[in-house]
Amino acid sequence: MSASAAAEQLSAPERATEARRVVLSSYLGSTLEYYDFLLYGTAASLVFGPVFFAGLPPAVGTIASLGTFAAGYLARPLGGVLFGHFGDRAGRKAMLVLAMTVMGVASVLIGLVPPASVIGPWGAVVLVALRVLQGIAIGGEWGGAALMALEHAEPNRRGYMAAFTNAGAPTGAVLGTLVMTLFALLPEDEFMQWGWRIPFLLSAVMLAIGLFVRAKVSESPIFRAAAEQAENEPGAPPIIEVLRRPRAVVVATFACLAGFALQTAFTTFGITYAVEHGTSRPDALLAFAIGQFFAIFFTLGYARLSDRLGRRPVMLFGLAAMIVLVFPILGLLATGNFATVTAAFTLYTFCHGAMYGPMAAYISEQFSTRTRYTGASLGYQLATLLGGGFTPVILATLAASSGNAIVPVGGFLIALAVLSGAVLLATRETKNNDLTTIH
């Protein structure tokens, strides 16, 4: 049976119902994963320095804390390859359940790590180990969730449906930031002692809800048909097939690199920068959460637009907007005023949404069914590693060594935007690619 025939076995209403169920699962699963993953970034910028690196000068402690944040990004490509291999061989659904479980458990354990005053440097060691588990889990989550939505969608709605996976990122960021903001209202000593831990422990509740929803979805019909054909055509492991033709991974990585740099710059450095320039911690977190709320709609709106205009034009618009607005946005963050800081975080999401909305479809459309989970996961996670993993440390270092952080930070982000834009301009459009191809 061909992949297209398998996809057409259900009636149109049945396909639509199943597609909505799958999209809901991908959205909720991604929300949980990014609640946990990005919550760590907020805690790394505000809490982990004094809690786990108390013996270091404040600036050095912040850099060391953000270094543990980078550890999760280092692990993401490994998670993409591991989960991608079994996802391309055994199916998308089982790997998504496993990824969600690993992320939830690791996040709860982060909330239980004793501070340096109790176990010394071992607290930081345990923190890094759990952060690596988070990275492995999210490395496997994104590819599976995006592909489940993409492979259940009608061809003219692929960008929009797959974007619900990416929309989970700002949704998770909103939830995580609002919860952290609530506990940041505690007296300083109580927040540092135990208040910051509660948002991580709440991951247990979200994990239970996510697993309940995810257990009810069906496997991708395109994957099922491809798996049947693969039984008669055994091939090399998916990672070998991907690396034999690495161009698609390279294109996906560098075309999306700037989007992740912008994301992590404002998730970590941006909040710290606003606080250092007079915005209270609760106000900075609330302003960020408001921006992330708008990011949900920017992400989905730009993705829907990419189904009409193409992925490349929309993503190029986001890069251009970033180049034009990055210095004004950084200037607004330094005002110490809640309204202007909120405007800064909203403008950031306006730029980022144009890159992030079409991204799930753009990356996934680069690969055939047999290697799509592995290839898309590897391309996406390498982009997050190179563009996002080291960006907070680089920006904190630039800010610490410069009297005016706006110039080096803005210049760094613009340079990455130019690089990603050049790659997009040199490649072809993907929105009309046939997803049912096996090879």
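Residues numbered from 1 in each chain as written. Predicted model: local features only at pLDDT ≥ 70, side-chain atom pairs only at ≥ 80, totals over all residues. Heavy atoms only, no water.

The chain goes by MFS transporter in an unreviewed UniProt entry, where it is assigned to Saccharopolyspora elongata. The annotation that UniProt attaches to the chain under Subcellular location (unreviewed entry) is "Cell membrane". (UniProt positions renumbered as here; feature names shortened; annotations may be inferred.)

1. What about the packing of aromatic side chains?
Applying the stated criterion across every chain, the model contains 17 aromatic pairs. The interplanar angle of 15° and the centroid separation of 4.7 Å between the aromatic rings of Phe266 and Tyr348 together place this pair among those described as stacked. Of the two residues, Phe266 is situated in helix H14 (residues 247-276) and Tyr348 in helix H17 (residues 338-356); the sequence distance between them amounts to 82 residues. The exposure class of Phe266 is buried, given its relative accessible area of 2%. For Tyr348, a relative accessible area of 2% gives the class buried. Aromatic pair Tyr302 and Phe317: ring centres 6.3 Å apart, planes at 45°, arrangement tilted. Of the two residues, Tyr302 sits in helix H15 (residues 281-309) while Phe317 sits in helix H16 (residues 311-333), which places them 15 residues apart along the sequence. Among the residues examined, Phe317 registers a relative accessible area of 41% and is labelled partly exposed. By way of ring pairs, the aromatic residues Trp142, Phe260, Tyr356 and Tyr380 are connected into one cluster. (Phe/Tyr/Trp six-rings, centres within 6.5 Å; stacked < 30°, edge-to-face > 60°. Helix = DSSP H or I, 4+ residues; strand = E, 2+ residues; numbered from the N terminus. Buried < 20%, exposed > 50% of the residue type's maximum accessible area, 1.4 Å probe, protein only.)

2. Re the packing of H15 against H17
Between two packed helices, what matters for the description is the angle formed by their axes and the separation of those axes. At a minimum axis distance of 8 Å, the contact between H15 and H17 shows a crossing angle of 30°. By the angle between their axes, H15 is roughly parallel relative to H17. As for how H15 packs across H17, the hand of that crossing is right-handed. Of the residues contributing to the contact of H15 with H17, the split by class is 16 nonpolar, seven polar and one charged. (Axes fitted to C-alpha atoms, helices over the stretch in contact; angles between N-to-C directions. Parallel < 35°, antiparallel > 145°, perpendicular 65-115°, else oblique. Left-handed = near helix turned anticlockwise from the far one by under 90°. Nonpolar A, V, L, I, M, F, W, Y, C, P; charged D, E, K, R; others polar.)

3. Considering the side chain of Ser364
Tracing the chain through its elements places Ser364 in helix H18 (residues 359-364). In terms of polar contacts, Ser364 uses its side chain to reach the backbone carbonyl oxygen of Ala360, at 2.8 Å. In this view, Ser364 contacts Trp142, Ala146, Leu147, Leu150, Arg372 and Ala376; residues no more than four positions away in its chain are not counted. (Polar contact = N/O pair within 3.5 Å; in protein donor to acceptor, adjacent residues only side chain to side chain. Contact = heavy atoms within 4.5 Å.)

4. Digging into the environment of Trp196
Structurally, the position occupied by Trp196 is in the loop between helix H9 (188-195) and helix H10 (197-201). Each C-alpha atom, one on Trp196 and one on Met180, is 6.6 Å from the other, the two residues being 16 residues apart in sequence. Apart from the residues lying within four places of it in its own chain, the contact partners of Trp196 are Val47, Phe48, Val51, Phe52, Ile110, Met180 and Phe191.

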